[in-house]
Every structure is written in C-alpha cells, then in structure tokens.
Amino acid sequence: VGKKGAFEKIIAAIERMVELKIPFRFNCTMSKPVVPLLPEIAKKAVLYGANAVNYIAFNPFGDQQTGMRNADNVPRYSDIKPKLTEAMDILEDAGIEVNVRYLPLCMGEERHRKNFYNFQQLPYDHHEWDYQSWIWTMMQPQMMKEGPLVPPVKLGVGTSKIYRGQAHKARDLYAQHPVIGRVVLKTQHAVATVQQAVRGKETMLREEAVYRAAVDCKYGYDAACEKCAARRICDGFHGDYAEFYGTSEAQPITNIQPVNDPLYYISQQEKIVEEEDASWAL
C-alpha cells in the first residue's frame, strides 16, 4: 500500500485472525509491479488458510479514480495471464476459492473461466457488493467510514435528478445498450423500483451491468471479438487500456456455441458460503 511497515502490520493482523479463527480473504489489485508476485500472493493465501483470493484488474471506477494510469503502472493483459494462471492453479489445488474481476474472458484458460467476473457476472457473486445498490447510488460519502449525510435532491425529468446518487441536470435519460440491443430508460430510484417489479430483477441488473461497462467505463471490443462465442457476456477491454495498448490481444473463444447467459461459466464454480450467509446465498 506504499506505506513503510504496512506489510508487517498486515501479516500480524492475518496471524491474529488465524489464531481467532476469523475467516478472511485476500484482495489483490493487479497493477504492473504486482503481476510478478501473483503466485507468491497465492502461496501466502495457502500458507495462512484464506477463504478466497480476488485478483482485480487495475481499472479506475467509482471512488478509485485517482492518480495517473499509464503504461508504467497498467500491465498488458497478456503479461498478466501466465502469472495469473499459475496463481489460480496454486489456489485451486489447495481448495481456495479464487475470483478474477474485470478481465476479458479470453484472458483466462478454459478451466479458469468459471472464476472470471465481468460486470454481468458480478450480481451473482455473494462475496461482492450489493449490486442493486449500485443502481441507486455511488455517492462517495456513502462509501466512506465517516461520510456525511447526503443532502436531498429533488427528482424529476427536466430538472435535477439522481443518477447513481449524483445530482445532475437531466441528461442521458435514454441510452442504447450495445449488447442488449435496445433502448433502456435510465432514471431515478423510484422508477427503477417499479421497472424491477414489472420487468424482473435479473433483466435490470444485466442492463445496468452492460451500461456501466459500455458507457461509464467505455469498454470496447476488438474486431476479433465479433467471432467470440462469449462476446455477449464479456465486457471487452477497459476504455483507457485500449488507448494504451489497443485490443489486438483478443483471442476469440470458438470451441463453444454462442453464449447469452452470464451464468454460463460461473455456474460451474464452487463458492464458499459462510453459515450466516446460507439462508440467502444458496
């Protein structure tokens, strides 16, 4: 974390959790200096008995949009793949759950694609944030330990509105989803709640996921992606990543029929469910 002595403090905390039998997981952001260490992080997880390890692509969203991303700190996906593959094999051999966030599905070996979570898969991961809340708010105070109360904002088309918690002038009420292929209303929580009741929760969560990737994060696809069977359930390449490196690393998945179900791969993954989560997660 860039602070002297932080590693020793982290290890001490982990050792205390092991002693007290408190379950824990590792989160690892795959910035360029970290990529060579991915297998070592996996070995530490095995050593201490972590429940799960999440390897997260170094992408800027939400409250993480700080600092400068460039070719010095953003690794190529093709450089991540061999080290990530090694790390995932170590963890799965040890029976530790491993998840990969925000990488194109083709960057995983066939045996590991069940562990890959793009935006369309995230709503189904009970270890991830409550995805429904993403539709309603991303205001930073609500994501901070000492965040102040959020002031009320008058809702209404044509005046100010809340769009994921941010007060904006009315804009982008309608947006064309490139994957869903139809116009979807983007508006305030009240309307979203009514739409969910009428159209179904999973439909709305998927539309939100596609919108978030294509519009908010400006993910894009290579021409080769059009030949990929997983094209409709994969986000593609993060917007500024494509600016740094292009999209030519795309490797179309062609050994299966075209897929339109976000659960196609992840339904094969075994997830760890804590006893207190069993009533809703299973």
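This report concerns the structure included in the present document. (Residues numbered from 1 in each chain as written. Predicted model: local features only at pLDDT ≥ 70, side-chain atom pairs only at ≥ 80, totals over all residues. Heavy atoms only, no water.)

## Focus: the packing of aromatic side chains
The description of an aromatic ring pair rests on the distance of the ring centres and on the angle between the ring planes.
In step 1: Here the structure, examined in full by the defined rule, presents nine aromatic pairs.
In step 2: Within the aromatic cluster, the residues linked to one another by ring pairs are Tyr77, Phe237, Tyr241, Phe244 and Tyr245.
In step 3: The ring of tyrosine 117 has arginine 101 lying over it, and the distance from NZ or CZ to the ring centre is 5.6 Å.
In step 4: Just above the ring of tyrosine 221 sits the side chain of arginine 231; from NZ or CZ to the centre is 3.5 Å. (Phe/Tyr/Trp six-rings, centres within 6.5 Å; stacked < 30°, edge-to-face > 60°. Lys NZ or Arg CZ within 6 Å of the ring centre and 35° of its normal.)

## Structural notes on the side chain of glutamine 120
In step 1: Checked against the element boundaries, glutamine 120 lands in the loop between strand E4 (116-117) and helix H4 (131-136).
In step 2: The exposure class assigned to glutamine 120 is buried, which follows from its relative accessible area of 3%.
In step 3: Of the polar contacts made by the side chain of glutamine 120, one reaches the backbone oxygen of arginine 232; its length is 2.9 Å.
In step 4: When neighbours within four sequence positions are excluded, glutamine 120 is seen to be in contact with Arg206, Ala209, Val210, Arg232, Ile233, Cys234 and Pro262. (Helix = DSSP H or I, 4+ residues; strand = E, 2+ residues; numbered from the N terminus. Buried < 20%, exposed > 50% of the residue type's maximum accessible area, 1.4 Å probe, protein only. Polar contact = N/O pair within 3.5 Å; in protein donor to acceptor, adjacent residues only side chain to side chain. Contact = heavy atoms within 4.5 Å.)

## Digging into helix H3 (residues 77-93)
In step 1: Over its 17 residues, H3 runs 24 Å from end to end, which matches the ideal 24 Å to within 8%, given 1.5 Å per residue.
In step 2: Considering bend angle alone, the principal kink of H3 is centred on lysine 83 and spans about 25 degrees.
In step 3: Tyr77, Ile80, Lys81, Leu84, Thr85, Ala87, Met88 and Leu91 are the residues of H3 that are buried.
In step 4: Those residues of H3 hidden inside the fold are in contact with strand E1 (25-30), helix H2 (38-48), strand E2 (52-57), strand E3 (97-101), E4 and helix H7 (239-245).
In step 5: Within two residues after H3, glycine 95 carries a phi angle of roughly 75 degrees, on the positive side. (Expected span 1.5 Å × (residues − 1). Bend = angle between axes of the 7 residues up to and from the residue.)

## Points about unusual backbone geometry
In step 1: Even without being glycine, tyrosine 102 reaches a positive phi, approximately 70 degrees.
In step 2: Topologically, tyrosine 102 is positioned in the loop between E3 and E4.
In step 3: Accessibility expressed as a relative area gives 6% for tyrosine 102, which makes it buried.

## Section: the pairing of E1
In step 1: Alternating residues of E1 divide into Phe26, Cys28 and Met30, all buried, and Arg25, Asn27 and Thr29, none buried.
In step 2: Relative to E2, E1 runs parallel, the two being bridged by six bridges. Looking at E2, one finds that cysteine 28 is bridged to tyrosine 55.
In step 3: Crossover handedness for the path E1 to H2 to E2: right-handed. (Pairing = 2+ DSSP bridges. Right-handed = clockwise from strand over helix to strand, strands pointing away.)

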